[in-house]
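# Commentary on secondary and tertiary structure
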Amino acid sequence: MIPKVVTFILPHQRPTSGGVYAMSELVRALSLHHEIHLVTNKGKPHSVGNASARLCKSLDPEELPDADVIIINIDTVLGERVTSLPETKGKPIFYFQGYGVPNSPMVISNLKRRKPVIACSRWLAAEAQKYGSPARYVGHGLDRKIFYVDPNVIRRDYRVVMMTHPVDWKGTADGVQALSQVRHQFPQVEVQLFGTLDTGFSTEFVEAPSRSVVGAIMRKATIFVCSSWEEGFGMPGLEAIACGSALVTTDTKGGRDYAIHRETALVSPPRNPEALAENILKLLDDRLMRERFYYNGIQLVTSQYPSWEDAAAIFWEAILDLVDKH
């Protein structure tokens, strides 16, 4: 079967959150060439591209449009409901962008349903296959109008940037502890934080910035720090590399696609602020390593991460393959 109509069920979250942003970009690009329905079961549905948007509070078959395929993020309590819908509502495909919470029983339960999965990182594709789900890896796209190197921007030598988040597994507390150690040993370091949690550590805090503002922040950063315990992919790390920042990160598993130790980043174990601080100090002190990461990182980004339009075309090919085989 060649699908003609696809329904995406979009979580009711901030459109700027990584998972919702990625799905919205895919919907936007796919809706230019295919008939796409966008459904949410809470709040006011927001229009994306040429997709039709509707609110379906209970996701009952009478509410949902007929479709060939129905796609939903895998970190949802709606897994059983969606996979038990009549065939006229579409063959279900889970979009796997992360566990939401590390080792989430809900995600594992959905993986055990053994429905087709599209995963945004190679690690997640392997996780899906481990639980018996047929999976295809489709990497995220990258908006090069926002995340790029600007040769006219002066990048300061000792400017370190980190994103904050109130959820514990994002590792903000570990990152702040590491930055405190760095500042103690390297007083000239400049720290800028942005995100949804003002820790009070840095006077330069930007609350919930737009993606364009994030790009501008990263273009001025010497180093970008990621301190998460786990990420399904970890878009900020890739976006920092695309902006020319040197990356210091924990081993988030999903970030292994672009954070290659001593080639494009310095990588340390999660939940180890001392090791994270050591890598930040090492990179602050080694301009040649930063330059190597810059050139290797730009090459990786250019060769492996296309525009969202091209990523959507690859996503569509994965839908065709999964529907045809399963």
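First, a word on what this report is: a plain description of the structure on this page.

Conventions adopted
- Residues numbered from 1 in each chain as written.
- Predicted model: local features only at pLDDT ≥ 70, side-chain atom pairs only at ≥ 80, totals over all residues.
- Heavy atoms only, no water.
- Helix = DSSP H or I, 4+ residues; strand = E, 2+ residues; numbered from the N terminus.
- Rg over C-alpha atoms; globule rule 2.2 N^0.38 Å.
- Buried < 20%, exposed > 50% of the residue type's maximum accessible area, 1.4 Å probe, protein only.
- Contact = heavy atoms within 4.5 Å.
- Areas by Shrake-Rupley, 256 points an atom, 1.4 Å probe, with all protein chains shown as cover.
- Lys, Arg positive; Asp, Glu negative; His and termini not counted.
- Charge placed at Lys NZ, Arg CZ, Asp CG, Glu CD.
- Phe/Tyr/Trp six-rings, centres within 6.5 Å; stacked < 30°, edge-to-face > 60°.
- Pairing = 2+ DSSP bridges.
- Right-handed = clockwise from strand over helix to strand, strands pointing away.
- Polar contact = N/O pair within 3.5 Å; in protein donor to acceptor, adjacent residues only side chain to side chain.
- Salt bridge = Lys/Arg side-chain N within 4 Å of Asp/Glu carboxyl O.
- Axes fitted to C-alpha atoms, helices over the stretch in contact; angles between N-to-C directions.
- Parallel < 35°, antiparallel > 145°, perpendicular 65-115°, else oblique.
- Left-handed = near helix turned anticlockwise from the far one by under 90°.
- Nonpolar A, V, L, I, M, F, W, Y, C, P; charged D, E, K, R; others polar.

Right, let's talk about the overall build of the protein chain for a bit. Broken down by element type, the protein chain carries 10 helices and 13 strands. Computed over the C-alpha atoms, the radius of gyration of the protein chain is 20 Å, within 12% of the 20 Å expected from 2.2 N^0.38 for a compact globule of 326 residues. The principal-axis extents of the C-alpha atoms in the protein chain amount to approximately 65 × 40 × 35 Å. The buried share among the 326 residues of the protein chain stands at 54%. A fraction of 60% describes how many contacts in the protein chain between residues 6 or more apart in sequence connect residues 24 or more apart. For the protein chain, the exposed surface amounts to about 14,600 Å²; the carbon and sulfur share of it is 50%. Within the protein chain, the 36 negative side-chain charges are centred at a point lying 1 Å from the centre of the 36 positive side-chain charges.

Geometrically, a pair of aromatic rings is defined through the distance of the ring centres and the angle of the planes. As enumerated under the stated definition, the model contains 10 aromatic pairs in all. With 5.2 Å between their ring centres and 85° between their planes, tyrosine 95 and phenylalanine 315 make a pair best called edge-to-face. With tyrosine 95 in strand E5 (residues 91-96) and phenylalanine 315 in helix H10 (residues 308-325), the pair connects residues that are 220 residues apart, well separated along the chain. The same class applies to tyrosine 95 as to phenylalanine 315, namely buried.

Right, let's talk about the pairing of strand E12 (residues 246-250) for a bit. Of all the 5 residues making up E12, 5 are buried; the element is thus mostly covered by neighbouring parts of the structure. In E12, alternate side chains face the same way, and those of Ala246, Val248 and Thr250 on one face and Leu247 and Thr249 on the other are all buried. In this sheet, E12 lies alongside strand E11 (residues 223-226) in parallel orientation, the contact comprising 4 bridges. Across the sheet, isoleucine 223 pairs through a bridge with alanine 246, a residue of E12. In this view, the connection linking E11 to its parallel neighbour E12 by way of helix H7 (residues 235-242) has right-handed handedness.

Let us look at the environment of glutamate 35. Relative to the helices and strands, glutamate 35 is located in strand E2 (residues 35-40). According to the relative accessible area criterion, glutamate 35 is partly exposed, its value standing at 45%. Distance in space between the C-alpha atoms of glutamate 35 and alanine 51 is 7.0 Å, their sequence separation being 16 residues. Apart from the residues within four sequence positions on either side, glutamate 35 is in contact with Lys4, Val5 and Val6. At 3.5 Å, the side chain of glutamate 35 and the side chain of histidine 37 are in polar contact.

It is worth spelling out unusual backbone geometry at this point. Phi is positive for arginine 114, close to 60°, though the residue is something other than glycine. Within the secondary structure, arginine 114 is located in the loop between helix H3 (105-111) and strand E6 (117-119). Judged by relative accessible area, which is 58%, arginine 114 ranks as exposed.

For the rest of this paragraph, the subject is the pattern of salt bridges. Tallied over the entire structure, the rule returns 14 salt bridges. The partner of arginine 28 in a salt bridge is glutamate 25, and the shortest N-O contact between them spans 3.5 Å. Of this pair, arginine 28 and glutamate 25 both sit in helix H1 (residues 18-30), 3 residues apart, which is roughly one turn of the helix. Since its relative accessible area comes to 13%, glutamate 25 is described here as buried. The salt bridge partner of arginine 159 is glutamate 204, with a shortest N-O separation of 2.5 Å. Residue arginine 159 is located in strand E8 (residues 159-164), and its partner glutamate 204 is located in the loop between strand E9 (190-195) and strand E10 (205-207); the two are separated by 45 residues in the primary sequence. What makes glutamate 204 partly exposed here is its relative accessible area of 31%. Among the charged side chains, a salt-bridge network with shared partners connects Arg136, Asp321 and Lys325.

Here helix H5 (residues 172-185) crosses helix H8 (residues 273-284) at 45°, and the two axes come no closer than 8 Å. One element, H5, and the other, H8, form an angle in the oblique class. Where H5 crosses over H8, the handedness of that crossing is right-handed. Of the residues in H8, those touching H5 at Asp174, Gly175, Gln177, Ala178, Leu179, Gln181, Val182 and Gln185 are Pro273, Glu274, Leu276, Ala277, Ile280, Leu281 and Leu284. In the contact of H5 with H8, the residues fall into 9 nonpolar, 4 polar and 2 charged.

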